[in-house]
Amino acid sequence: MSAMRWRLLAPRNVRLLDRGRSERSAGGNGAQPARALSSPPVSASPPGRTLSSLSATRRGLPKAKMSENGVVPRAKVLTIDTMNPTVKNVEYAVRGPIVARAVELERELSEGMKKPFAEVIKANIGDAHAMGQQPITFFRQVLALCSYPELLNDSTFPDDAKSRARRILQSCGGNSMGSYSASQGIDSVRQDVARYIERRDGGVPCDPNNVYLTTGASDGIMTMLKLLVCGEGMTRTGVMISIPQYPLYSAALAELGAVQINYYLNEEKCWSLDISELQRALDEARNHCNPRALCIINPGNPTGQVQSRECIEDVIRFAAKEGLFLMADEVYQDNVYAEGCQFHSFKKVLFEMGPEYSDTVELASFHSTSKCYMGECGFRGGYMEIINMDDDVKAQLTKLVSVRLCPPVPGQALMDLVVNPPQPGEPSYDNFIKERSATLSALAEKAKLTEQILNTVEGISCNPVQGAMYSFPRIIIPEKAVKEATDKGQQPDMFYCMKMLEETGICLVPGSGFGQKDGTYHFRMTILPPRDKLQILLNKVQEFHQKFTQHYS
């Protein structure tokens, strides 16, 4: 075989080696030959007999796909099989497939496609402003001044808004909300939060050093769970959560690889919490994990119940007896509507129970700018207060929050306004009280309307919406519909809610996304839409349920 023909037919690594030999024999500059390190030694035999020269097909290997430019793409480093397995276990029903389909339907309507409805009404999430609730004027005025300080010279802004904006800006680096803050939050804001807690709790002291500003309440909850979760197998951390629950908790526990311990609220007693049920869940869990924390949502999401003081005392005694860390999610603390109901903070009750509990029970409580009368979800403001935390753990907590640098500074500024609103005698006070009262009164009316209309529908039963922003009615689904859903691999209430969306444009969340007792079905809907739109929504739900039941009976 001629030298020229050898070079044309030989594999590339052989050609490179041959070229290197030629360079050395020609008295080259001493450079090392360009040899493929992974290639086997090259023999002098003809190239047609080497394994590397055979096609992939002849060697029994799958043929690699070529891209358009003829290059074989390398395998992905990150695939569904090689990604973090705990992430695949995360589910968040509030923004699940129902909502994805609702977005598709909105787009189809905008493109002129014919549907049996004129609009999609999203009642799946507690996003107050998206549902039409108006922001509090004073809050937006101060945030506008902080965002664009030139407006401080504008006479249309009230003096108290300007003074509040100046105070916030003076606490920011470079007098700008665009700067980082301390990782724990702006000092002056944490001091205002501490004073707010003291006022709310009737004078129970609050140390600003125990206050951490957060990116919404969710950030604080996730941070505390990160501190709590440890161990393997039988020693793996278990966390007790209510069923039904807000899916943040199950999602966070799945991501962290913790053990979810379900305790069931009593639907027959207006979603109340029974200590006997807590004890049952705890005793069973101790057979396979190490229960370390108890999470309470008060007022409740998705169930809307408001816990009595007596119930809170029982929970605190239970946590003390069983050695559990308490996590109190209190983001709906201003959303209490039912007569005879009142919000009691866990911290206030804890301290009023005396040193036996106030000096020992570990507690983290959470609040947010996203709910109550504010509804400012997008600013992602919040705080958590820690009680009786070990000093060494507190140092680790401070280190952990420093990794994310700081919460959004506009959210911190808004949190400051929530805990330090206009005071009597200030120019903005009367309008602030008027707007705040109007928002809460409207929510109370819509809570009552929702309960009343849903309870007129045969096959739907709805407990009183005592607080928060949702109803969680129980629905009876005919056996024929249950079977069809099962055959399609769907939960029956998911099947029900998807049918409702396709036929009415109403977007609700199936109860299975929050957890429920076996054999029961629910959906969660928010009470946030304006009253006229809420009336339309409820009427459509009523009509759909009747048609659905008739069709599958």
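In this report, we go over the structure that sits alongside the text. Residue positions are given per chain, counted from 1 along the sequence in the order it is written. Per-residue local features of the predicted model are confined to residues with pLDDT of at least 70, and side-chain atom pairs are confined, for both listing and counting, to 80 or more; whole-chain, interface and lining totals are unaffected and use all residues. Side-chain figures throughout are based on the complete set of non-hydrogen atoms in the structure, without hydrogens or water.

To qualify as a helix, a DSSP run of H or I must reach at least 4 residues; to qualify as a strand, a run of E must reach at least 2; elements of each kind are numbered from the N terminus. Each helix and strand counted, the protein has 19 helices and 14 strands in total. Within the protein, the fraction of its 553 residues that count as buried is 49%. Residues count as neighbours in contact if any of their non-hydrogen atoms are within 4.5 Å of one another. The contacts in the protein between residues at least 6 apart in sequence include a share of 70% that link residues at least 24 apart. Accessible surface computed for the protein: about 26,800 Å², of which carbon and sulfur atoms make up 51%. Burial classes: relative accessible area under 20% of the type maximum marks a residue as buried, over 50% as exposed, and values in between as partly exposed (1.4 Å probe, protein chains only). Only the protein chains shown count as cover for residues, with accessible areas throughout obtained via the Shrake-Rupley method and a probe of 1.4 Å.

This part takes up unusual backbone geometry. A cis amide bond links isoleucine 243 with the next residue in sequence, proline 244, at an omega value of 5 degrees. Its location among the elements puts proline 244 in the loop between strand S3 (237-243) and helix H9 (247-256). Look at the link from asparagine 298 to proline 299: it is a cis peptide, with omega at -10 degrees. Within the secondary structure layout, proline 299 lies in the loop between strand S5 (290-297) and helix H11 (309-322). Phi is positive for tryptophan 271, which is not a glycine, with a value near 60 degrees. Inspection of the secondary structure puts tryptophan 271 in the loop between strand S4 (259-264) and helix H10 (275-285). On the accessibility criterion, tryptophan 271 (4% relative accessible area) is buried. Unlike most non-glycine residues, asparagine 388 shows phi in positive territory, near 60 degrees. For asparagine 388, the position within the fold is in the loop between strand S8 (382-387) and helix H14 (391-403).

Moving on, we get to the sheet that holds strand S7 (residues 363-368). The strand order S2-S8-S7-S6-S5-S3-S4 describes an open sheet built from 7 strands, whose pairing is mixed. Each edge of the open sheet carries a strand with a single partner, namely strand S2 (211-214) and S4. Sheet twist, expressed as the mean angle between neighbouring strand axes with direction ignored, is 25 degrees. Two strands qualify as a pair provided DSSP detects at least 2 bridges between them. Two elements, S3 and S4, share 6 bridges in a ladder whose sense is parallel. Opposite isoleucine 241, over in S4, you have asparagine 262 as the bridge partner. Note on geometry: axes are C-alpha line fits, over the in-contact stretch for helices, and angles between N-to-C directions span 0 to 180 degrees.

Turning next to the environment of isoleucine 121. Along the chain, isoleucine 121 turns up in strand S1 (residues 121-122). Using a relative accessible area of 4% as the deciding quantity, one classes isoleucine 121 as buried. Sequence-wise, isoleucine 121 and alanine 102 are 19 residues apart; in three dimensions their C-alpha atoms are separated by 8.7 Å. Setting aside residues no more than four positions away along its own chain, isoleucine 121 makes contact with Gly505, Ile506, Cys507, Lys533 and Leu537.

As a further point, take the pairing of S5. Taken residue by residue, a regular strand's side chains alternate between the two faces of the sheet. Most of S5 sits inside the fold, with 6 of its 8 residues counted as buried. Bridge count between S3 and S5: 4 bridges; the pairing is parallel. Within S5, the position partnered with threonine 237 by the bridge is asparagine 290. Sheet topology places S5 next to strand S6 (residues 325-329); 5 bridges connect them, and they run parallel.

With that settled, consider the packing of helix H7 (residues 187-200) against helix H15 (residues 409-419). Packed helix pairs are characterised by how far apart their axes lie and by the angle those axes make with each other. At a minimum axis distance of 9 Å, the contact between H7 and H15 shows a crossing angle of 30 degrees. One element, H7, and the other, H15, form an angle in the roughly parallel class. H15 is crossed by H7, and the crossing has left-handed handedness. Here H7 contributes Ser188, Val189, Asp192, Val193, Tyr196 and Arg199 to the contact with H15, which in turn contributes Gln412, Met415, Asp416 and Val419. In the contact of H7 with H15, the residues fall into 5 nonpolar, 2 polar and 3 charged. Every angle not falling under 35 degrees, over 145, or within 65 to 115 is termed oblique; those three ranges are roughly parallel, roughly antiparallel and roughly perpendicular. Each helix crossing is assigned a hand: it is left-handed if the near helix lies turned anticlockwise from the far helix by less than a right angle, otherwise right-handed if that turn is clockwise. All amino acids are sorted into three groups, where Ala, Val, Leu, Ile, Met, Phe, Trp, Tyr, Cys and Pro are nonpolar, Asp, Glu, Lys and Arg are charged, and the leftover types, Gly among them, are polar.

On to helix H19 (residues 531-552), then. Helix span, as expected, comes to 1.5 Å for every residue beyond the first. Helix length check: H19 (22 residues) gives 31 Å between terminal C-alpha atoms against 32 Å at 1.5 Å per residue, within 8%. Taken together, the buried positions of H19 are occupied by Leu534, Leu537, Leu538, Val541, Phe544, His545, Phe548 and Tyr552. The arc that holds the buried residues of H19, viewed along the axis, is 130 degrees, so those residues lie on one side. Residues of H19 that are exposed and angled more than 90 degrees away from the buried face: Asp532, Lys547, Gln550 and His551. The directions from the helix axis to the C-beta atoms are what the arc is built from.

Stacked, tilted and edge-to-face are the three classes assigned to paired rings of Phe, Tyr and Trp, where Trp is represented by its six-membered ring and a pair needs centres within 6.5 Å; plane angles under 30 degrees give stacked, over 60 edge-to-face, the rest tilted. Under the counting rule described, the total for this entry stands at 13 aromatic pairs. One aromatic cluster is present, formed by Phe495, Tyr496, Phe523, Phe544, Phe548 and Tyr552 through successive ring pairs. Across the ring face of phenylalanine 351, the terminal group of lysine 347 is positioned such that the distance to the ring centre comes to 5.6 Å. Cation over ring: arginine 524 sits above tyrosine 470, and NZ or CZ is 3.9 Å from the ring centre. For a Lys NZ or an Arg CZ to count as sitting over a ring, it must be within 6 Å of the ring centre and within 35 degrees of the ring normal.

On to the side chain of glutamate 277, then. For glutamate 277, the location among the structural elements is in helix H10. Polar side-chain contacts of glutamate 277 include one of 2.9 Å to the backbone nitrogen of tyrosine 264. In this view, glutamate 277 contacts Asn262, Tyr263 and Tyr264; residues no more than four positions away in its chain are not counted. Two N or O atoms count as a polar contact when they lie within 3.5 Å, although within protein this holds only if one can serve as hydrogen donor and the other as acceptor, and sequence-adjacent residues are included solely when both atoms are side-chain atoms.

What follows covers the pattern of salt bridges. Note on definitions: salt bridges are taken to be side-chain nitrogens of Lys or Arg within 4 Å of carboxyl oxygens of Asp or Glu. Taken as a whole and assessed by the stated rule, the structure comprises 31 salt bridges. A salt bridge links lysine 533 to glutamate 119, with the nearest nitrogen and oxygen atoms 3.4 Å apart. With lysine 533 in helix H19 and glutamate 119 in the loop between helix H4 (97-110) and S1, the pair connects residues that are 414 residues apart, well separated along the chain. For lysine 533, a relative accessible area of 30% puts it in the partly exposed group. Residue classification places glutamate 119 among the partly exposed positions, given a relative accessible area of 34%.

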